[in-house]
Structure formats: structure tokens, C-alpha cells
Amino acid sequence: MRQLTVDTGMHVSLPAKRSTRAAVALLAAGALMLTAAGCGGDDGDTVSGGPPPNTVKLPNLKGQKLQVTAVWTGTEQENFTKVLKEFEKRTGAKVSFVPSGDDMAGFVGSKVAGGAPPDVAMVGQVGVMREFAQKGWAKPLGAEAGAELAKNYAKGWQDLGSYEGKPYGVYFKTSNKSLLWYNTSAFDYAGAKVPKTWREFLAQAQLISDSGTDAVAIGGQDGWTLTDWFENVYLSQAGAEKYDQLAQHKIKWTDPSVKKALETLAELWGTKGLVAGGRSGALQTAFPDSVTKAFGNKAEPDAGMVFEADFVAANVADAGAELDRDAKVFPFPAVGGKAPVVTGGDVGVALTNSKAAQALLTFLASPDAGTIWAQSGGFISANKNVKFSAYPNASMRKIAQALIAAGNDFRFDMSDQAPASFGGKPAQGEWKALQDFLKNPRNVEGIQRRLEADAAKAYKN
């Protein structure tokens, strides 16, 4: 595997999940870092902000209506709407967008029960996508969409969008979920340095706290952010084999490796002054607000750092900060032998047999659609034919290059591989258990027992 290294001097001005999950065995072992040494790819054919390429043939859909649902709101919804507008322009179809809320499975289930499912859903969890396919709600990709997918995506991403060997989905929006974003003013004032290990990270966090600024903003109101914290610690500490086993529930959540990861998280979550607003404040903080705490007031922030994926860049901009000046980004520190890299993504699936639904998936699988959102920022594409120069700044370009260079060599978000009842629903399963753990980080074994009970019920194994 080609070694990927990190440019720790990368500037990022400050500016949501997603996240986002085929059998774990399909995911190759390995790591993905920020800057790829010698990674290839043509960087010169598309200029950020210019017209998107027109590489795919789409049918005339004049007079046809198409409804699309996704969890995206705010800036993400606005940027996805640009993609849908281009599809309308090329096909003549009329597309409407309906936000699903965080509970995609519940939303789609209610629409299916009512006899009016959306035509296409952008699903953030592999487990949910598989459930849709198993129940017959999701429809396999047609020949055109399948061909476009095969042409533009590595096999690992194709496999993630498949069920029982059949392709169902297109991973349109992907993410590197192993990044920490920091306020340069807070670091400079405290004399803090970019850490490479978990011990160094805790030491620098304490330094920031001692300078008068809470160290880390956590969007604990959104349970998925807490699963991402756990997954990064667990992957680095326990290793890829254990990660795969836990993701498939082949080992129990009462395993000593889970205990060790929770105890490690408690070193941060349970130390006074390291979590912005304290644990109770974190539990009342939505993910976008956690970014605002770090970057809304560039000179005197409420937090020195915030953790999450590359889509944080869009929230940094929303907070009024400038990427590559007011903020910098560094990889999640190594807890064990090597730094973790966890990926996520949103997969487009057809829920009706309409010609328009398949055409949209064909478009989403093309470099044309990916280029449109890449130019707007806050977006990474696993499509290897989206030109790196489409990204609006060097930081996002490097993250995209690293993802493409990794090929099939990545680990996907664990909670997003789980059945929705365990890994993808508010106020239950892993989301709720980790929120309760944030509230009381001393209750390690109690949380383990609850996680195992919920997982056993959901996985049925």
C-alpha cells in the first residue's frame, strides 16, 4: 500500500455529518491520510467555479416529476439543489427535494406505508440501504447507472452500494471522518502545537484549557458525532481486524477492547475544562453549533478545536471564518500504533421503478454531478474522474486526492454499517448509549452492557 502522509502545516479557516455503510469484509484494511505522497490524478481539466463537464447522456424527461429525499439541510441542501437544478436543465424533469430528518429509515418507512415513497433517497447508513433492499423498497441500478458507476468508482465503493451481489446505490457524497479542526488564534495564544498521538492531544487540550478557552467543542445533541469519536479511538487502538468484527457483531460490546476505548474517551470527556460548556453543555449542542463555538468568534472562541469530517469546511464558512487562514486541520491522533481513518458517505438509491429515478442515479454516478458540488465546497467525491482542480482550495483538494489514492483501502463508519435500530436512530441504540456515556463517563461497564443488549437485539446474532 502506498504510504500517505500528512501536511500538518495545512491552513484551514474555520468554518455536518454525515455520515454515513455490504459486508465489512469488502472493506480492505489500511489507512487514509490527509496528503497523498505521489498520488496521481489529472488536476488540470476543470477549474473550480467553471461549468461542469458534460460526459453522460441522459434521457428526455420533460413532463416527469421526481421527488428526492436526504438528511441535508442548510448549506448542504443548497449545494445539492445546484446538482438537481443541472439535472432538471439537462432532462426537462421537475425535481422536488424533501428533507428526511435524521431518521431516514423511519421517514421512508412511513412514506412506503402510505403508498407514496420518494423516487430517490440519499441514505447515510449502509445498514439502512441494505434494509431497504432486503424489504424490496430499493430498486437495483439499471444498466446505464451501473455502467457509469463501474466506470467512475473503485470496487470498494461499488461493493458498499450492493446487496447480495447486486448494485443498488451510488455513493455520491463521501467523507474523511478522521479530522480535527482548530482555531489558529486559540492555538497561538495557548502556545499549542499539532499533536500526533492521543497523549499529545490531551496535553495540548489541557494547555488550551489552561489559557482560558475550553479545548474541544462536541456536538453531543447529535448522537452520530459521538459514534464517530468512538470509531476513531477504537480503530486506532484495537486495530482493523477487531473493528471489522465489532462492526459485524462477531465480538460483543462487552469485549475488553470496547472497555479500553471507552476509558480512553473518558480521558477527554470526563476532564473538567476540556469539553466546551461542560458535558451537559455538549449534550445540548447540535453539530453545526459545535463548529460555531470554535470559529464563530475567531479571536475569542468558545472552543479551540472541533472534531468531524471534511464537511466541517462548509460550517466553518457559515461561521464567518476563512479556510486556510483562521483555521487549520490535522488528522485524528494515533491512539494505538497508527492514526485511524474512518470514511462515511451518502448513497443514492431508487425507491420507485421510474425512468427518472434511474436517470438521476446515472447522473449522480457521473463526474458531472460531483464536480458541481465539489466547486461549492464542503464535499468530497469518491468518483475518481472528478478533477481535483474542481475543489475550491488546497486543503479540500488534498483530502480528495488522499481518498482517491486509497482505492479500496479504507474502513467505513461502523455505526453506519449497523442495523438502523442500533447505529442510525436518534434516542436509541448506540447514539443514546454514547450520549449517556458523555453524561457520565465513569459508567463504562454499564454502557457496555447496554450497547451489547441493543446490538444483540438489532443484529439478531
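Just so we're clear, the structure is a prediction, and the values are computed from it rather than from any experiment.

Digging into the overall build of the protein
On a plain count of helices and strands, the protein comes out with 20 helices and 14 strands. By residue count, 61% of the 461 residues in the protein fall in the buried class.

Description of the sheet that holds strand β12 (residues 327-331)
The 4 strands are arranged β10-β11-β9-β12 in an open sheet whose pairing can be described as mixed. Only two strands of the sheet have a single partner each, and these edge strands are β10 (216-217) and β12. Looking at chain direction, strand β9 (residues 179-183) and β12 are connected through 5 bridges and run antiparallel. Bridged to Asn183 within β12 is Ala327. With respect to the sheet, helix α8 (residues 223-238) is in contact with β9, β10 and β11 (305-307), its orientation differing from that of β11 by roughly 85°.

Observations concerning the packing of helix α10 (residues 256-269) against helix α20 (residues 444-459)
Between two packed helices, the angle of one axis relative to the other and the distance separating the axes together describe the packing. α20 packs onto α10 with a crossing angle of 130° between their chain directions and a minimal axis gap of 10 Å. On the basis of their axis angle, the class for α10 and α20 is oblique. Here α10 and α20 pass one another in a crossing that is right-handed. Contacts between α10 and α20 involve Val258, Lys259, Leu262 and Glu263 on the former and, on the latter, Val444, Glu445, Ile447 and Gln448. Counted by class, the contact of α10 with α20 contains 4 nonpolar, 1 polar and 3 charged residues.

A look at the packing of α8 against helix α19 (residues 429-439)
At a minimum axis separation of 8 Å, α8 and α19 run at an interaxial angle of 80°. If you check the angle between α8 and α19, you find them roughly perpendicular. Note on element contacts: α19 touches α8 through Glu430, Trp431, Leu434, Gln435 and Leu438, opposite Gly223, Trp224, Leu226, Thr227 and Phe230. Among the residues forming the contact of α8 with α19, the class breakdown is 6 nonpolar, 3 polar and 1 charged.

Comments concerning α20
With 16 residues, α20 extends 22 Å from end C-alpha to end C-alpha; this agrees with the ideal 22 Å at 1.5 Å per step. For α20, the complete set of buried residues consists of Val444, Gly446, Ile447, Gln448, Leu451, Glu452, Ala455, Ala458 and Tyr459. Summarising the contacts, the buried residues of α20 are in contact with α9 (240-247), α10, α18 (420-423) and α19. Looking at where α20 begins, the residue whose side-chain oxygen comes 3.3 Å from the main-chain nitrogen of Gly446 is Asn443. After α20 finishes, the residue Lys460 shows a positive phi value of roughly 60°.

Observations regarding the packing of aromatic side chains
One pass over the structure, following the stated rule, counts 29 aromatic pairs. Plain terms: the ring middles of Trp157 and Phe412 are 5.8 Å apart, the flat faces sit at 75° to each other, and that makes the pair edge-to-face. Of this pair, Trp157 sits in helix α5 (residues 155-160) while Phe412 sits in strand β14 (residues 411-412), placing them 255 residues apart in sequence. In this structure, Trp157 and Phe412 share a single accessibility class: buried. Between Trp224 and Phe287 the ring centres are 5.2 Å apart and the planes differ by 55°, which places this aromatic pair in the tilted class. Of this pair, Trp224 sits in helix α8 while Phe287 is found in helix α12 (residues 287-295), placing the two residues 63 residues apart along the sequence. In this structure Trp224 comes out as buried when scored by relative accessible area, which is 3%. For Phe287, a relative accessible area of 2% puts it in the buried group. Connected via pairs of aromatic rings, a cluster forms that spans Trp72, Phe80, Phe97, Phe172, Trp373 and Phe379.

Quick notes on the pattern of salt bridges
As enumerated under the stated definition, the model contains 18 salt bridges in all. A salt bridge links Glu88 to Lys85, with the nearest nitrogen and oxygen atoms 3.8 Å apart. Here Glu88 and its partner Lys85 are both found in helix α1 (residues 74-91), 3 residues apart, which amounts to about one turn of the helix. Across the pair Arg325 and Asp326 runs a salt bridge whose closest N-O atoms are separated by 3.2 Å. Among the residues examined, Arg325 registers a relative accessible area of 46% and is labelled partly exposed. By sharing partners, the salt bridges in this structure join Lys298, Glu322, Arg325 and Asp326 into a single network.

Looking at the confidence of the model for the protein
Residues at a pLDDT of 70 or more form 89% of the protein, whose mean pLDDT is 88. In this model, residues 1-47 is a region of pLDDT below 50 whose contacts with residues beyond four sequence positions or in other chains number 197 contacts.

Description of the pairing of strand β5 (residues 120-123)
A two-sided burial pattern is seen for β5, the buried positions comprising Val120 and Met122 on one face and Ala121 and Val123 on the other. Summarising the sheet, strand β3 (residues 65-70) and β5 pair through 2 bridges and their orientation is parallel. Opposite Thr69, over in β5, you have Ala121 as the bridge partner. When β5 meets strand β13 (residues 342-350), the two strands line up antiparallel, connected through 4 bridges.

Observations concerning the environment of Ala317
On the secondary structure map, Ala317 appears in helix α13 (residues 312-318). We classify Ala317 as partly exposed; its relative accessible area is 49%. It is 9.5 Å that separates the C-alpha atoms of Ala317 and Gly296, two residues lying 21 residues apart in sequence.

Criteria and thresholds
- Residues numbered from 1 in each chain as written.
- Predicted model: local features only at pLDDT ≥ 70, side-chain atom pairs only at ≥ 80, totals over all residues.
- Heavy atoms only, no water.
- Helix = DSSP H or I, 4+ residues; strand = E, 2+ residues; numbered from the N terminus.
- Buried < 20%, exposed > 50% of the residue type's maximum accessible area, 1.4 Å probe, protein only.
- Pairing = 2+ DSSP bridges.
- Contact = heavy atoms within 4.5 Å.
- Axes fitted to C-alpha atoms, helices over the stretch in contact; angles between N-to-C directions.
- Parallel < 35°, antiparallel > 145°, perpendicular 65-115°, else oblique.
- Left-handed = near helix turned anticlockwise from the far one by under 90°.
- Nonpolar A, V, L, I, M, F, W, Y, C, P; charged D, E, K, R; others polar.
- Expected span 1.5 Å × (residues − 1).
- Polar contact = N/O pair within 3.5 Å; in protein donor to acceptor, adjacent residues only side chain to side chain.
- Phe/Tyr/Trp six-rings, centres within 6.5 Å; stacked < 30°, edge-to-face > 60°.
- Salt bridge = Lys/Arg side-chain N within 4 Å of Asp/Glu carboxyl O.
- pLDDT = per-residue confidence, 0-100.

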